[in-house]
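Here's the letter readout for the chains.
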Amino acid sequence: VDCACYTAEDAASLVPLARDATSTVLISSKAVYVDAAGHHSNSPVKPDFGGPVREDQPTVAPGYGDYRTGEGYPANKVAAEQVLLDSGAPVTVLRPSKIHGPGSRQPREWMFVKRVLDRRPVLLLAHRGAGVDHPTAAANIAALIELTARRPGRRILNAADPDAPSALEISRVIARHLGHTWDEVLLDGQNAPRPLGRHPWDAPHPIVLDMTAAAGLGYVPAGDYATTVASEVDWL
């Protein structure tokens, strides 16, 4: 399992090992997907996929520049995917969305946990908290890795939680888990400056990954968002 393969060069160094392994899993990203206008999750203009995103959705072109930039990250991921899939080795590419779990280096849920710890009586949410950007529990990625280890092959699979809650629903899950209540102030573009109430799930169009392909292999999630996020909230 390679969680730190960001470039074609990284992937090339993995190929000899993959050829000697029964099954290899590369953690990629849903950031590779583009909509009909060529926008992806890291674009200045956010994508509108018009519905759940399947694995055959078009992607950005492979790239070989700086993977630490918004445009370079998905392009390099596509290049890494292609190197491994073209190697002939039994490689499964997983494309997760917003990953959450204990020990996260980028715990998005901290936004709400911190407000609970501050005992804030009010929560402001932009766009009425309606934003949806599919979360992916580390525990659910692990369940999918376990499945592909038992059923090796060359494939691409989305990796996401069985549900895709809105930011408002996420805030309520976290507040309820921590026994906190607040007044929800649901803002829209007419009554508040744009930065006010921003949050990590503030997508103007829902971003939801279709999990049909994984389910067809026999994938059973470890749990839904509320179940799997509890351990991260406790850790935070």
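Higher on the page you've got the structure.
All of these numbers come straight from a predicted model, not from anything done at the bench. (Residues numbered from 1 in each chain as written. Predicted model: local features only at pLDDT ≥ 70, side-chain atom pairs only at ≥ 80, totals over all residues. Heavy atoms only, no water.)

Trainee: Summarise unusual backbone geometry; cite the residues concerned and give the values.
Mentor: Positive phi, normally seen in glycine, also occurs at arginine 119, with a value near 55°. Mapping arginine 119 onto the fold places it in the loop between helix 3 (110-117) and strand 4 (122-125). The residue histidine 127 is not glycine, and still its phi comes out positive at about 50°. Residue classification places histidine 127 among the partly exposed residues on the basis of a relative accessible area of 47%. (Helix = DSSP H or I, 4+ residues; strand = E, 2+ residues; numbered from the N terminus. Buried < 20%, exposed > 50% of the residue type's maximum accessible area, 1.4 Å probe, protein only.)

Trainee: Tell me about the pairing of strand 1 (residues 24-27), and name the residues and values.
Mentor: Neither face of strand 1 is exposed, since Thr24 and Leu26 on one face and Val25 and Ile27 on the opposite face are all buried. Sheet topology places strand 1 next to strand 2 (residues 91-96); four bridges connect them, and they run parallel. Counterpart to valine 25 in the pairing with strand 2 is threonine 92. Each parallel crossover has a hand, and for strand 1 linked through helix 2 (residues 72-85) to strand 2 it is right-handed. (Pairing = 2+ DSSP bridges. Right-handed = clockwise from strand over helix to strand, strands pointing away.)

Trainee: Quick rundown of the side chain of threonine 7? Include the residues and the values.
Mentor: Inspection of the secondary structure assignment puts threonine 7 in the segment before helix 1 (8-19). Among the polar contacts made by the side chain of threonine 7, one reaches the main-chain amide nitrogen of aspartate 10 at a distance of 3.0 Å. In contact with threonine 7, other than residues within four places in its own chain, are Tyr67, Asn76 and Ala80. (Polar contact = N/O pair within 3.5 Å; in protein donor to acceptor, adjacent residues only side chain to side chain. Contact = heavy atoms within 4.5 Å.)

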